[in-house]
Amino acid sequence: MPHISRMLLVAAFAAVPLAAVANAQSFAELEARLEAHPSLSALGYDAEADRERAVASTALPDPVVSLGINNFPIFDPSFDSYLPTNKAVGIRQQFPSFAGREARAGEARAMSAQTEAVRDARYAALRAELIALLADKTRLTRQRSLAEARNAKYDELVDIVEAEIDAGRPAVYRLAEIESERAEVSRTLVDLDRQEAETDARLIELVGLVPSTGLPPLTERDWSGAALEFHTVRIADAAVRVTDYGIDEARAAWKPEWGAQLTYQQRDEGAMFAGDDWVSGMVTFTVPLWAERKQAPNLRAAKAERAGAEQRYQAAARNAAAQYASRDAIIRAADASIDVLQVKIAAVEDEVEAQLIAYESGVGGYAPIIDGEIAILKLRAEIEAETARKAAAIARLNALLVTQ
């Protein structure tokens, strides 16, 4: 039965593109869809829950109401034969330390702020992933077109080589090479189909459809050098704020917790005494008698947590700076690779032009010209890969930084 359920789930997921694909979506519409991603909604609810806990933390505990009978005789049951017998109604209210309640409320608010920072970072990462996938869709479309163009060129080349063979030129080995290269193109097309299926599945997971949307304008954002410009560092900084309130709460444990109690005792009049009613009142407060065993260790633990959070902040700053440098290096390398490939294309184009002049003058064959055109198609496919890699790196680099 579980196997059948999994099959139904896979079938339902596979059917999503059929229902929602094909219409062009603006990138702003995709961003709106991304905002509704379940992982972001879950973090929004978590932040809301912490805000509500902050409100609840400052409230007083519920009062305790008591109803009872005091000093009631067992062997001669009566309310008017024994002087201390009474019916009692009491109310008790505890007043926890205000400093402690404020610290707990502040901690909840700080946790909410931290969750909001996590949500912002998550959205930035998902948006970068969306851009990378759109870049991949563009790459796959163009590489497929270039691969099909290579196939067409191989058809031309086969005809030329066969004509040379018919003319008595020993070029039979070239046919085997062409078939091997055509098989490589076929494998490339199969691999592009696989990559497209994977990309479509990830797009559906992100925005619920496979859009035919172009890339938005991409510009690498500069980092000023301030650590708090990174999402991960802001999250770590928010964690430090949470531990600050933890220290405040631990210190507040030394302050007394007050309580007040009022009891009204109603008495019936007896033969030997008047039935005057009694009222009893009481104030209570806690004394940190065992502070060295309780409050002091808790404060040391809170300070240790704060020190740990500070170290995680430092680690996050280092890691974010390293990631920024790494992505920047990828962008620079992609630019350099594209420049090199374009120089190669220009060189091959010059060679093709020279071969064409020689061919038109009656010297040499046409096959080297087709070979040159095939080489150019291969180089253009590599440029598409580098272009997509650069776009993904820019998107992921920008996702590291907080958008003001």
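Thresholds applied
Residues numbered from 1 in each chain as written. Predicted model: local features only at pLDDT ≥ 70, side-chain atom pairs only at ≥ 80, totals over all residues. Heavy atoms only, no water. Helix = DSSP H or I, 4+ residues; strand = E, 2+ residues; numbered from the N terminus. Contact = heavy atoms within 4.5 Å. Buried < 20%, exposed > 50% of the residue type's maximum accessible area, 1.4 Å probe, protein only. Arc of directions from axis to C-beta. Core = buried A, V, L, I, M, F, W, Y, C linked by side-chain atoms within 4.5 Å. Pairing = 2+ DSSP bridges. Axes fitted to C-alpha atoms, helices over the stretch in contact; angles between N-to-C directions. Parallel < 35°, antiparallel > 145°, perpendicular 65-115°, else oblique. Nonpolar A, V, L, I, M, F, W, Y, C, P; charged D, E, K, R; others polar. Left-handed = near helix turned anticlockwise from the far one by under 90°.

Draft legend 1. Local environment of the side chain of Thr 243. Along the chain, the position of Thr 243 falls in helix α6 (residues 231-252). If sequence neighbours within four positions are ignored, Thr 243 has contacts with Glu 305, Arg 306 and Ala 309.

Draft legend 2. Main features of helix α2 (residues 27-35). Here α2 has its buried residues at Phe 27, Leu 30 and Leu 34. In an axial view of α2, the angular spread of the buried residues amounts to 55 degrees, which keeps them on one side of the axis.

Draft legend 3. Spotlight on the nonpolar core. In this structure, Leu 30, Leu 34, Leu 130, Leu 206 and Val 207 are the most contacted members of the largest nonpolar core, which totals 20 residues. When contributions to this core are tallied by element, the ones reaching two or more residues are α2, α4 (98-166), α5 (172-207) and α8 (367-400). Ranked by the residues each element gives to this core, the list is headed by α4, at eight residues. Discounting chain neighbours no more than four positions away, the residues touching Leu 34 are Leu 40, Tyr 123, Leu 126, Arg 127, Leu 130, Leu 206 and Val 207.

Draft legend 4. Region of interest: the pairing of strand β2 (residues 86-95). The sheet contact formed by strand β1 (residues 64-70) and β2 spans seven bridges and is antiparallel. Looking at β2, one finds that Gly 68 is bridged to Ala 88. With nine bridges joining them, β2 and strand β3 (residues 258-266) adopt antiparallel strand pairing. What sits directly across from Gln 94, in β3, is Gly 259.

Draft legend 5. Just the side chain of Asp 200, in detail. Secondary-structure assignment places Asp 200 in helix α5. For Asp 200, the residues in contact, after removing those within four places along its chain, are Lys 137 and Val 210.

Draft legend 6. Just the sheet that holds β3, in detail. The four strands are arranged β1-β2-β3-β4 in an open sheet whose pairing can be described as antiparallel. Lying at the two open borders of the sheet, with one neighbouring strand each, are β1 and β4 (278-285). Pairwise comparison of adjacent strand axes, ignoring direction, gives a mean angle of 15 degrees for this sheet.

Draft legend 7. Inspection of the packing of α6 against helix α7 (residues 295-360) at higher detail. It is the contact of α6 with α7, at a shortest axis distance of 8 Å, that shows an interaxial angle of 170 degrees. The angle between α6 and α7 falls in the class roughly antiparallel. In the contact of α6 with α7, the residues fall into 13 nonpolar, four polar and nine charged.

Draft legend 8. Local environment of the environment of Lys 378. Structurally, Lys 378 can be placed in helix α8. Among the residues examined, Lys 378 registers a relative accessible area of 31% and is labelled partly exposed. Between the C-alpha atom of Lys 378 and that of Asp 222, which follows or precedes it by 156 residues, the distance is 34 Å. Leaving out residues up to four positions away in the same chain, Lys 378 has contacts with Arg 150 and Tyr 154.

Draft legend 9. Quick peek at unusual backbone geometry. Even without being a glycine, Asn 71 presents a positive backbone phi close to 55 degrees. Relative accessible area serves as the criterion here: at 44%, Asn 71 is assigned to the partly exposed category.

Draft legend 10. The arrangement of the packing of α7 against α8 in detail. Contact geometry of α7 with α8 gives a least axis separation of 8 Å together with a crossing angle of 165 degrees. On the basis of their axis angle, the class for α7 and α8 is roughly antiparallel. Judged by the sense of rotation from one axis to the other, the crossing of α7 with α8 is left-handed. When its residues are assigned to classes, the contact of α7 with α8 shows 23 nonpolar, six polar and twelve charged.

The quantities given are spatial measurements derived from coordinates; they are silent on function.
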